[in-house]
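Fold and geometry: a report
Below are the chains, spelled out letter by letter.
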Amino acid sequence: MDFVSILSIFVMACFVGYYVVWSVTPALHTPLMAVTNAISSVIVVGALIAGAAQGSVVSKWLGLAAVVLASVNIFGGFAVTERMLAMYKKKDKK
Amino acid sequence: MELSASSAWVPLAYLVAGVLFIMALRGLSSPASSRAGNRYGMIGMTIAMVTTLITHGIASLPEIAGAIAIGGGIGFVTARRIKMTDMPQLVAAFHSLVGLAAVLVGLAAYLNPVAFGIAGADGVIETQSRVEMGLGIAIGAITFSGSIIAFLKLAGKMSGSPILLPGRHALNLGTLALIIGLVGCFTQDQDLWVIAAITALSFAIGFLLIIPIGGADMPVVVSMLNSYSGWAAAAMGFTLHNTAMIITGALVGSSGAILSYIMCKAMNRGFLSVIAGGFGAEAAASGGPAKEQRPWKRGSAEDAAYIMKEAETVIIIPGYGMAVSQAQHVLREMGDQLKALGVSVKYAIHPVAGRMPGHMNVLLAEANVPYDEVFELEDINGEFAQADVAFIIGANDVVNPAAKTDKSSPIYGMPVFDVDKAKTIFFVKRSMGGVGYAGVDNDVFYMDQTMMLLADAKKMVEDIVKALAH
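Please read these numbers as outputs of a predicted model, since none were measured by experiment.

Before going further, it helps to spend a moment on the packing of aromatic side chains. A full pass over the atoms with the stated rule returns 12 aromatic pairs over all chains. Measuring from centroid to centroid gives 6.3 Å for Tyr18(A) and Trp22(A), while their planes differ by 75°, and the two rings are edge-to-face. Placement of the pair is Tyr18(A) and Trp22(A) together in helix α1 (residues 3-22), with a separation of four residues, close to one helical turn. On the basis of relative accessible area, Tyr18(A) is assigned to the partly exposed category, the value being 39%. Among the residues examined, Trp22(A) registers a relative accessible area of 38% and is labelled partly exposed. A centroid spacing of 5.9 Å and a plane angle of 75° characterise the contact between Phe445(B) and Tyr446(B), whose relative ring orientation is edge-to-face. In this structure, Phe445(B) and Tyr446(B) share a single accessibility class: buried. Put simply, the rings of Phe3(A), Phe10(A), Trp231(B) and Phe238(B) touch in pairs and so form one group of aromatic residues. Positioned over the ring face of Phe375(B) is Lys346(B), at 5.4 Å from the centre of the ring. Over the face of the ring belonging to Tyr320(B) we find Arg355(B), whose NZ or CZ atom lies 3.7 Å from the ring centre.

Right, dumping it as structure tokens:
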């Protein structure tokens, strides 16, 4: 992919992010931070590529270390978001 | 036979992952749809990871599976065990991991560019990739060291008060300029020392940027680091030409930026002035000696119980002090008792209450307070005039009328709750000595309708609960 098409995706995604995040209710701002944390660990993709590649031993181990870090975030981030969201309840209709 | 990395399916799968991440954030527009949103996020992440594993050598799968299992296990157990009041430092710690992972991925790509498809025919990294790589590593490193400091401050392992180095602005700007210069240098010179210097200086600047920022500005800092972690992911996405990383990075980057903006606006402070740091230190120094002694009334738990029993409407304003003393559960008990007596109970939350955006909402949710009893500043502020009781627990600056009237006050212009319009004010506070974070005196203490309930928040509410039961 050339630079301009990548940049286009980036700019469009910034706009999407802008509108989507403004629609998030302030009560859920903490879960928002937790889940953005989890998804920004999609950087694990780069870590997996490095960890799986042959050629440089150092690069491979750096990749594997990054996989560990990103996995902490992915599993931890989604799990803690899930835990928080489960606590938000409406008034009991009695 | 493994799929070629250039197959059309691969970018398509990353695109799907990116869209699922957008849906994950979209779900958070209401608590009802939020859990489905979180699931979309998990599916998106699974798609991204599986796609990468299928297209890049299965050969080292055991090692990779091991790495995922170790990290995932640590993450999962931490997420299960963490106390809700510790959420701000957990989020800061998670940010630091994203930052460090970005640095490691950047270095790995530098050492083995062929594996990432960013090397030219001669094995040299393409110029454009070098810029992106340099920036990605720099942002990642700043996120890492900045988040470590934020974590230490939030966890109370380091003093929350600002640490001001002499000439820090010049030092910071100089370091930033040097980093940018080195990234430029990196396009010409592919030596290891350049990338090592970028990494080291970025670690240093992240540290320098956060130490002068005080505890109550942490909501802005945590949001800002959230944003940085997104930009780091996006920069890596540019380096590796990966759409999922670019989309996600942009989403997270703008999310953090918007949260920082909301927090700054809620304090009526410019983003730059927060980042420049030092707030609180100067105000506390200047506001100290001039303070006069004014009369105030002290109330007891029994007084509070008696008056609230007779009230029609009680509005509770929680702040960081409630989180510190873990009073949210007993506070909900108090609310339940009052509701059983026919009192209408509402919770009012200021955007900057607590140490991160939405901090109070999560704590009240944890204590089983229904979210439709919890209101934002602009939605409830008109109701204080009709309220019988404003019950302030662990908050201070967010109810200070000086923000509306006193132009010389450091918090002037900050939107605050109009508690002074309520018939009776109960102010739960540990002692009269401590002032709010901004270091300014609060007129609410001395108002005729105010009763100070001086005790630990949790202890005081427990006593009120006992008194109400009689």
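A word on the interface of chain B and chain A. Counting residues at the interface gives 102 residues for chain B, matched by 79 residues for chain A. Surface buried jointly by chain B and chain A totals about 8,100 Å² across both partners, of which 77% is contributed by carbon and sulfur atoms. Joining chain B to chain A, the criterion identifies three salt bridges. The salt bridge partner of Lys60(A) is Glu63(B), with a shortest N-O separation of 3.6 Å. The tally of links between chain B and chain A comes to 22 residue pairs in polar contact (both at pLDDT 80 or more). When grouped by side-chain class, the residues that make up the side of chain B that touches chain A number 63 nonpolar, 28 polar and 11 charged.

A word on the sheet that holds strand β2 (residues 344-349) of chain B. Residues and elements named next belong to chain B. Spatial ordering of the open sheet is given by β3-β2-β1-β4-β5-β6, a layout of six strands whose pairing is parallel. Single-partner strands in this sheet number two, and they are β3 (374-376) and β6 (450-454). With strand direction ignored, the average angle separating the axes of adjacent strands in the sheet is 25°. Here five bridges tie strand β5 (residues 424-429) to β6, and the two strands are oriented parallel to one another. Residue pairing in the sheet places Lys429 in a bridge with Leu454 of β6. Sheet contacts for helix α13 (residues 301-310): β1 (313-318), β4 (389-393), β5 and β6; angle to β5, the most-contacted strand, approximately 145°. This element, helix α16 (residues 359-366), spans β1, β2 and β3 of the sheet and lies at about 145° to β2.

Residue and element names in this part refer to chain B. Following the sequence through the fold, Gly342 ends up in the loop between α15 (328-340) and β2. Residue Gly342 is classed as exposed on the basis of its relative accessible area, which comes to 61%. Sequence separation between Gly342 and Lys309 is 33 residues, and the spatial gap between their C-alpha atoms is 8.6 Å.

Summarising the element assignment, Ser34(B) is placed in helix α2 (residues 31-55). With a relative accessible area of 1%, Ser34(B) lands in the buried category. Once you skip the residues sitting within four places of it in the chain, Ser34(B) turns out to touch Leu28(A), Leu85(A), Gly27(B) and Leu28(B).

Turning to the packing of helix α6 (residues 127-154) of chain B against helix α7 (residues 168-188) of chain B, a few remarks are in order. Packed helix pairs are characterised by how far apart their axes lie and by the angle those axes make with each other. All names here are of chain B. With their axes 8 Å apart at the nearest point, α6 and α7 run at an angle of 150° to one another. The orientation of α6 with respect to α7, classified from their angle, is roughly antiparallel. Handedness of the crossing formed by α6 with α7: right-handed. Facing α6, whose interface residues are Thr127, Arg130, Val131, Met133, Gly134, Leu135 and Ala138, α7 presents Ile179, Val183, Phe186, Thr187 and Gln188. Of the residues contributing to the contact of α6 with α7, the split by class is seven nonpolar, four polar and one charged.

Residues and elements named next belong to chain B. The share of residues in chain B with pLDDT of 70 or more is 93%, and the mean pLDDT across the chain is 87. Mean pLDDT across the secondary structure elements of chain B bottoms out at helix α12 (residues 281-287), with 46, and peaks at β1, with 95. Across residues 282-290 the pLDDT falls below 50, and counting only partners more than four positions away or on other chains, this stretch makes four contacts in the model. Interface confidence in the predicted complex, given as ipTM, is 0.94; pTM for the same model is 0.88.

Basis of the calculations
Residues numbered from 1 in each chain as written. Chains lettered and ligands numbered in written order. Predicted model: local features only at pLDDT ≥ 70, side-chain atom pairs only at ≥ 80, totals over all residues. Heavy atoms only, no water. Phe/Tyr/Trp six-rings, centres within 6.5 Å; stacked < 30°, edge-to-face > 60°. Helix = DSSP H or I, 4+ residues; strand = E, 2+ residues; numbered from the N terminus. Buried < 20%, exposed > 50% of the residue type's maximum accessible area, 1.4 Å probe, protein only. Lys NZ or Arg CZ within 6 Å of the ring centre and 35° of its normal. Contact = heavy atoms within 4.5 Å. Buried area = accessible area lost by both parts, 1.4 Å probe. Salt bridge = Lys/Arg side-chain N within 4 Å of Asp/Glu carboxyl O. Polar contact = N/O pair within 3.5 Å; in protein donor to acceptor, adjacent residues only side chain to side chain. Nonpolar A, V, L, I, M, F, W, Y, C, P; charged D, E, K, R; others polar. Pairing = 2+ DSSP bridges. Axes fitted to C-alpha atoms, helices over the stretch in contact; angles between N-to-C directions. Parallel < 35°, antiparallel > 145°, perpendicular 65-115°, else oblique. Left-handed = near helix turned anticlockwise from the far one by under 90°. pLDDT = per-residue confidence, 0-100.

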